[in-house]
Structure formats: C-alpha cells, structure tokens
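Residue-level listing of the chains:
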Amino acid sequence: MSINAKRALVTGITGQDGSYLAEFLLDRGYEVHGLVRRSSTFGTQRIEHLYRDIHEMERPLVLHHGDMADGNGLARLIREIRPTEVYNLAAQSHVRVSFDQPAYTADVTAVGTLRLLEAIRDFQDAVGYQIRFYQASSSEMYGKVLETPQSESTPFYPRSPYGVAKLYAHWITINYRESYGIHGSCGILFNHESPRRGETFVTRKITRAAARIKLGLQKKLYLGNLDAKRDWGFAGDYVEAMWLMLQQDEPDDYVISTDETHSVREFSEKVFGRLGLNYSDFIEIDPRYFRPAEVELLLGNSQKARKKLAWQPRVSFDGLVDLMVDSDLALARKEQVLLAAGHETGLPNR
Ligand code: NAP
Ligand code: F7E
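Analysis parameters
Residues numbered from 1 in each chain as written. Chains lettered and ligands numbered in written order. Predicted model: local features only at pLDDT ≥ 70, side-chain atom pairs only at ≥ 80, totals over all residues. Heavy atoms only, no water. Pairing = 2+ DSSP bridges. Helix = DSSP H or I, 4+ residues; strand = E, 2+ residues; numbered from the N terminus. Axes fitted to C-alpha atoms, helices over the stretch in contact; angles between N-to-C directions. Contact = heavy atoms within 4.5 Å. Expected span 1.5 Å × (residues − 1). Buried < 20%, exposed > 50% of the residue type's maximum accessible area, 1.4 Å probe, protein only. Right-handed = clockwise from strand over helix to strand, strands pointing away. Near = heavy atom within 4 Å. Polar contact = N/O pair within 3.5 Å; in protein donor to acceptor, adjacent residues only side chain to side chain. Areas by Shrake-Rupley, 256 points an atom, 1.4 Å probe, with all protein chains shown as cover. Parallel < 35°, antiparallel > 145°, perpendicular 65-115°, else oblique. Left-handed = near helix turned anticlockwise from the far one by under 90°. Nonpolar A, V, L, I, M, F, W, Y, C, P; charged D, E, K, R; others polar. Salt bridge = Lys/Arg side-chain N within 4 Å of Asp/Glu carboxyl O.

Student: I'd love a proper account of the sheet that holds strand 11 (residues 253–256), names of residues and values included.
Tutor: One open sheet holds the 7 strands; their spatial order is 3-2-1-4-5-6-11, and the pairing between them is parallel. Both edges of this open sheet fall to strand 3 (61–65) and strand 11, since each of them pairs with a single strand only. Averaged over all adjacent pairs, the angle separating strand axes in this sheet is 20°, with direction ignored. Along the sheet, helix 6 (residues 161–180) makes contact with strand 5 (132–138), strand 6 (183–189) and strand 11, crossing strand 5 at roughly 150°.

So this is what it looks like as structure tokens:
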C-alpha cells in the first residue's frame, strides 16, 4: 500500500459518529478501515448500507476485529493497515453506565486511548512517517462548569467516571503531542444526535417513545432530570469538524458546538408538540434515571473552530428534532405493520 494513499482507521466505526464519519471519508476517496469488537450478535447495523455499496466503490471499507482493551491487537492493526489518519471514536460512551462500570470505562475509554497512542508512536518510530490522530474528547469534561459558555480555555471539572476517563484520554493525547511530536488533535464535542443515536441517550429515547406513543405502541415515557440543559447538534455536521482538524498543518484542540442550550424538558415539549401531543400527559419521572452527580448545564463557545477550521453547524435545533421525529415515526410505522402481521419487534424493554 502506498504512503500517499488516504487511508483512515476509525475505532468505534459501528457507533453513531463512526457511521457518519465512514460515509464522509468514503465520499472523499479514503480507504476506510474500521475496528469492530467481537460480539455474539451483529452490531454493524449503522454501517450495513456502506457495506452493501462496497462493490461500486473505488476504495473499500474494511472491517477488522479488535478491542481497545487489547494493545497488542491495536499495534498489529496499525502495522498492517499503515493508516495516514486515525480517528479514535471507540469508548464506553454512556455517562449513566459509567457509574455502574467505572473500571471498565476507565480501561476502554482512558487506557484504550493510551494503548492506541503507544501503537502509533512505536509505528512512527519504526517507519518514519507521521500518522494524524483524532481524539474524541467530550464536553462532559467540563462537568460542574466553572465558566459559561465553555471554550478551549475553560478549566475542566468532570462529574462522572466517563468524564474523568475522557479527561485522561484528552491529556494523554496532548502529552504525546508535546513529548513525541504526535500529530494529535482533540475535538471537545458537545452533545450531538441523529436518527442513528443510541436509544438510551435522552434525545433518541424521547423521539423513539413519542413516535411509538403517537401510534399507540407505548403509553408512557419514563425519564430522569428534565431540567438538565445541553448544547445539542447534529452528528453529521460534527464528523466534518473531526476531519477538518486532521487537515491542519498543526495539531490543536477545538470545541465543537452549536453555541445554544436547551433543556431536556424543552426537547420533550418540541418533540411531542410536533406530533400534536402534550409531553406532560405522557412523561413520568423515574428516579432510576437520576445520576449520582449530574452535569446541569452545557453551552459551548465554538468560535475558534468557526474561525480556524471555517466550520459551522448546518442543522438547527428544530431541524434536528424534525430529522429524529420523522425517522422514528417511520420506524414506529414499520413496527406497527410487523405487529399487525403477528411478528415480534424485538424492541428492548426500556
Ligand atoms: P457510540 O454510538 O456509543 O459508539 C461507541 C463506539 O465505540 C461503538 O462503535 C462501540 O462498539 C465502540 N466500542 C465500545 N467499547 C469498545 C471496545 N472495548 N473496543 C472497541 N470498540 C468499542 O458513541 P458516539 O455517540 O458515536 O460517540 C463517538 C465518540 O465520541 C465516543 O468516544 C464518545 O464518547 C465521544 N463523544 C460523543 C458525543 C456525543 O454527543 N455523541 C460527544 C462527545 C464525545 P459497539 O458498536 O460494539 O458497541
Ligand atoms: O443525557 C438527562 C441526563 O445520556 C443528557 C454522551 O454522548 O453526551 C452524552 O452524554 C441529559 C443528562 O447524554 C434521562 O441526566 C433525563 O443530564 O443523553 P444523555 P450525556 O450524559 O450528556 C456527552 C457529550 C458525551 O460525551 C457522552 O458520550 O439528559 N436525562 N432523563 C436522561 N438521560 C438519559 N440517558 N436517560 C433518561 O431517561
């Protein structure tokens, strides 16, 4: 394989962002390699459409088994693939779950990043060409915010094992940049959502449930803290920012956000309202969804990315609600048809 070819390795390719990023890179002529962990069932639904198109593509999408917990495997993959860019999106990414599985979250989300950086460092030392590295940092690192809005210079105060793990990964990327000249950039991404968002994150949980309630497939929606505020953007817009960071001559860290904040209550009101329903008739509070320590307010200041990367989000808050509601309504209709035909839908009991 030639060093001049554009060849990307994406960890977390089966996740929300990984699927949008793979599409984005394939469209730009990259050969895309994805890290997929072994599971007893297929977990590749979000990238199946890319796989189906594979024979029409000039450059392929190649999936490799691997795990962020397995440093030797990561090193072997880097040697085999010889990527020009690595996007590290793999993580135990659920904040609530990180309170139940703190050590696992630290191993995969924090130390996993170190394992990947070590693999890149060893490869660069041996082969002598530079791999550009993207680290998926998170607004969760601001946690109990010390300044509003939050920018690259705002001090961090993480409030969950996930936030703490992401902070380690963030700083180890900066440390490898400063110590070993790794071209590593961190995108401090605020919440971003889409029809491909995991169903246990709050936006998708709301759009999925509202659509099912509208069609009579579900009666109630149980949520936790409705007053939490988030800066929610569209995932498809945010993967472009990841790529732009790696096209810069100098590595750096950037906040990526819409610079608007909305509460969970407001999101619910919009979603149910768009379906002609009143959210307060259907939502009930279940304390199981409260977190031991909460992040009450996130609001980004993405001026640096807008100036230096010429990046800006295209999808508005209302546009995001529309995208997600339309998609989940279509999904609920399919489910209704299957149920009418006497099939099980296989929906998780949430
Ligand atoms: P996601 O949908 O939860 O995807 C996470 C990905 O990581 C999945 O592909 C998952 O594989 C993979 N993964 C988990 N554990 C792994 C392991 N031990 N080894 C290898 N792969 C593993 O997350 P996302 O929303 O796309 O987010 C992408 C990244 O950005 C994550 O690092 C997340 O923490 C970070 N981030 C997300 C947001 C956001 O709002 N979405 C904001 C800031 C930062 P499976 O499919 O097998 O589970
Ligand atoms: O919660 C509240 C919850 O789980 C948002 C991840 O992608 O973004 C995400 O983390 C808010 C919180 O996202 C429910 O308490 C109320 O205040 O959708 P979420 P998150 O925790 O902000 C960051 C940037 C990441 O990096 C993460 O990887 O909504 N909330 N009721 C609820 N949240 C959930 N999940 N479920 C509820 O029933």
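Student: Talk me through the environment of G43; I want residue IDs and the actual numbers.
Tutor: Examined against the element boundaries, G43 turns out to sit in the loop between strand 2 (31–36) and helix 2 (48–52). For the pair G43 and G187, spaced 144 residues apart in sequence, the C-alpha to C-alpha distance is 25 Å.

Student: I'd like a description of helix 7 (residues 202–214), backed by residues and values.
Tutor: A rise of 1.5 Å per residue sets the reference length of helix 7, with its 13 residues, at 18 Å; its end C-alpha atoms lie 18 Å apart and thus fit the reference within 8%. Taking burial as the measure, the 13 residues of helix 7 include 11 buried ones, the bulk of the element. Of all the positions in helix 7, only T203, R204, K205, I206, T207, R208, A209, A210, A211, R212 and I213 are classed as buried. Those residues of helix 7 that are buried are in contact with strand 7 (192–193), strand 8 (221–223), helix 9 (264–274) and helix 11 (317–340).

Student: Report on the pairing of strand 5, specifying residues and quantitative values.
Tutor: Buried residues dominate strand 5, accounting for 6 of its 7 residues. Where strand 4 (residues 85–88) meets strand 5, 4 bridges bridge the pair, whose relative direction is parallel. When the bridges of strand 5 are listed, V86 appears paired with F133. Note that the unit made of strand 5, helix 6 and strand 6 has a crossover that is right-handed.

Student: Talk me through the site of ligand 1; I want residue IDs and the actual numbers.
Tutor: Around ligand 1, the structure places 24 residues, and the nearest of them are T14, R37, D67, S93 and Y162. In the model, an oxygen atom of ligand 1 is placed 3.0 Å from a nitrogen or oxygen of the Q16 main chain. For ligand 1, whose free accessible area comes to 900 Å², the fraction covered by protein is 88%. Of all the secondary structure elements, the ones that give two or more residues to the shell around ligand 1 are helix 1 (16–27), helix 5 (102–127), strand 5 and helix 6.

Student: Summarise the packing of helix 7 against helix 11; cite the residues concerned and give the values.
Tutor: One way to put it is that helix 7 packs onto helix 11 with a least axis distance of 8 Å and a crossing angle of 50°. Classified by the angle their axes make, helix 7 and helix 11 are oblique. As helix 7 packs across helix 11, the resulting crossing turns out to be right-handed. Only M324, V325, D328, L329, L331, A332 and E335 of helix 11 make contact with helix 7, whose side of the interface consists of T203, R204, T207, R208, A211, R212 and K214. Here the residues of the contact of helix 7 with helix 11 are counted per class, giving 6 nonpolar, 2 polar and 6 charged.

Student: Tell me about the pattern of salt bridges, and please be specific about residues and values.
Tutor: Counted under the stated rule, the structure contains 22 salt bridges. Close ionic contact of E193 with R197 constitutes a salt bridge, the shortest N to O distance being 2.7 Å. Per residue, the accessibility class of E193 equals that of R197, and both read buried. Notably, a salt bridge pairs E284 with K220, separated by 3.4 Å at the nearest N-O pair. Taken together, the residues E284 in strand 13 (residues 283–285) and K220 in the loop between helix 7 and strand 8 connect sequence positions 64 residues apart. By relative accessible area, which is 33% here, E284 ends up partly exposed. With a relative accessible area of 31%, K220 lands in the partly exposed category. One salt-bridge network, held together by shared partners, links E199, R208, R212 and E335.

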